[in-house]
Amino acid sequence: MNRIFGKKKAPGPPPPSLTQASDGMGSRMDSMDAKIASLENELRVHKDKLKKTKSPAAKKLIQKKAMDVLKRKRMYEQQRDQVAAQQFNVDQTRFGIENAKASVDTVAAMKAANTQLKSTIRNDLDIDDIDDLADDMAELMEDFNEINEALGRNYATPDDIDESELDAELEMLEDELEDELEAETPYPAHSLPALPTNAPGGKRPTAKVDEHGLPMQSS
């Protein structure tokens, strides 16, 4: 049977992951960058030799070597750019897979949360109970406001007082206060004699007064 159909091939090693492939490309680019840097140093040496060499034959030989170095440098640069493009594509694919997995996890979590929310609303919450609770709270707040108004009422002031009577009584108090002030002043200011203004030198003499505003006698 094995001669007719052949043996079944043994399973080979698993393919590398995208992360491993990207890392391998990165290592290859690092190696190419090192080779390019070495070739640039070699080109710099040939350039310095061309400046110092005066023989045409020697210059032609140095130019041929520099051309070979430059070709190898361009080849490595092209290979490095190709590997960089491949690494970019691999990274983009890896990021896409990671985003897809994250989206799947997010959708699964949202489905579970939706199911739990529906179960909670159906089993633990009743819209009629919530409406009744809101109505009860509104009534309680109205009762509370009425209680505050009752407690803040001023019981010392009767409600049947006429404001015109209060105004008349206030005017009488003001008149009595003016009469008391006039009684406390035995010599009103308008009954005092005016000070003389015809003093020598044309200056008005300054007279000392006591605490009641009366002129004091000089000793």
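Here the residue numbers are simple positions, counted from 1 along each chain's written sequence. Only residues with pLDDT of at least 70 get local features here, since the model is predicted, and only at 80 or more are side-chain atom pairs given and counted; chain-wide, interface and lining totals rely on the full set of residues. The side-chain figures draw on all heavy atoms in the structure; neither hydrogens nor water molecules are used.

## Some remarks on the confidence of the model for the chain
Item 1. Per-residue confidence from the prediction method is given by pLDDT, with values spanning 0 to 100. Looking at the chain as a whole, the pLDDT averages 81, with 75% of positions reaching at least 70.
Item 2. Ranking the helices and strands of the chain by mean pLDDT puts helix H3 (residues 56–124) first, with 92, and helix H1 (residues 2–5) last, with 56. Where helices and strands are cited, they refer to DSSP runs of H or I of at least four residues and of E of at least two residues respectively, numbered from the N terminus.

## Looking at the side chain of Lys73
Item 1. Relative to the elements of secondary structure, Lys73 occurs in helix H3.
Item 2. Partly exposed residues are those whose accessible area sits between 20% and 50% of the maximum for their type, while under 20% is buried and over 50% is exposed, using a 1.4 Å probe and protein chains only. We classify Lys73 as buried; its relative accessible area is 12%.
Item 3. Contacts: residue pairs with any heavy atoms within 4.5 Å of one another. Beyond its immediate chain neighbours, meaning those up to four positions away, Lys73 contacts Ile36, Leu39, Glu40 and Leu43.

## A short note on the pattern of salt bridges
Item 1. Here, a salt bridge means any Lys or Arg side-chain nitrogen found within 4 Å of an Asp or Glu carboxyl oxygen. Under the criterion given, the structure shown has seven salt bridges.
Item 2. A salt bridge links Asp91 to Arg94; the nearest nitrogen and oxygen atoms lie 3.6 Å apart. Of the two residues, Asp91 and Arg94 are both situated in helix H3; the distance of three residues between them amounts to about one turn of the helix. In this pair, the class of Asp91 matches that of Arg94, namely buried.
Item 3. Within this structure, Asp33, Arg80 and Asp81 form a network of salt bridges that share partners.

## Digging into the environment of Ala66
Item 1. Structurally, the position occupied by Ala66 is in helix H3.
Item 2. Here the alpha-carbon distance between Ala66 and Arg44, two residues 22 residues apart in the chain, equals 9.0 Å.
Item 3. Residues contacting Ala66, with those up to four places away along its chain left out, are Leu43 and His46.

## Examining H3
Item 1. In a helix, the anticipated span is given by 1.5 Å times the number of residues less one. With 69 residues, H3 extends 99 Å between its outermost C-alpha atoms, agreeing within 8% with the 102 Å of an ideal straight helix rising 1.5 Å per residue.
Item 2. Along H3, the residues classified as buried are Ile62, Ala66, Val69, Lys73, Tyr76, Glu77, Val83, Gln87, Val90, Asp91 and Arg94.
Item 3. Packed against the buried residues of H3 are helix H2 (18–52).

## Brief notes about a nonpolar patch on the surface
Item 1. Patches in this entry comprise residues that are over 30% relatively accessible and not in a salt bridge; like charges within 9 Å are linked, as are nonpolar side chains (Val, Leu, Ile, Met, Phe, Trp, Tyr) within 5 Å. Each accessible area value is a Shrake-Rupley result obtained with a 1.4 Å probe; residue values ignore everything except the protein chains displayed when judging cover. Taken together, the side chains of Leu117, Ile121, Leu125, Ile127 and Ile130 make up a nonpolar region of the molecular surface, amounting to roughly 470 Å² of accessible area.
Item 2. Listed by contribution, the elements that provide at least two residues to the nonpolar patch are H3 and helix H4 (127–151).
Item 3. Inspection of the secondary structure assignment puts Ile127 in helix H4.

## Brief notes about the side chain of Thr53
Item 1. As for its placement among the helices and strands, Thr53 is situated in the loop between H2 and H3.
Item 2. Judged by its relative accessible area of 18%, Thr53 falls in the buried class.
Item 3. At a separation of 2.7 Å, a polar atom in the side chain of Thr53 contacts the main-chain carbonyl oxygen of Lys49.
Item 4. For Thr53, the contacting residues outside a window of four places in its chain are Ala58, Lys59 and Ile62. Side-chain atoms alone can form a polar contact between residues adjacent in sequence; in general such a contact is a pair of N or O atoms within 3.5 Å, and within protein one must be able to donate a hydrogen while the other accepts it.

## Regarding H2
Item 1. Helix length check: H2 (35 residues) gives 51 Å between terminal C-alpha atoms against 51 Å at 1.5 Å per residue, within 8%.
Item 2. When H2 is considered as a whole, its buried residues turn out to be Ser22, Met25, Gly26, Met29, Met32, Ile36, Leu39, Leu43 and His46.
Item 3. Buried residues belonging to H2 abut H3.

## Observations regarding the nonpolar core
Item 1. Counting six residues, the largest nonpolar core consists of Ile36, Leu39, Leu43, Ala66, Val69 and Tyr76.
Item 2. Listed by contribution, the elements that provide at least two residues to this core are H2 and H3.
Item 3. Once residues within four sequence positions are removed from consideration, Leu39 is found in contact with Val69, Arg72, Lys73 and Tyr76. Definition used in this section: a nonpolar core is a set of buried Ala, Val, Leu, Ile, Met, Phe, Trp, Tyr and Cys residues joined via side-chain atoms within 4.5 Å.

## Points about a negative patch on the surface
Item 1. A grouping of Asp126, Asp128, Asp129, Asp131, Asp132, Asp135, Asp136, Glu139, Glu142, Asp143, Glu146 and Glu149 is seen on the molecular surface, where their side chains present a negatively charged patch.
Item 2. Residue placement: Glu146 occurs in helix H4.
Item 3. On the basis of relative accessible area, Glu146 is assigned to the exposed category, the value being 52%. Under this rule, positive means Lys or Arg and negative means Asp or Glu; His and the chain ends count for nothing. A charge is said to be at NZ when it belongs to Lys, at CZ for Arg, at CG for Asp and at CD for Glu.

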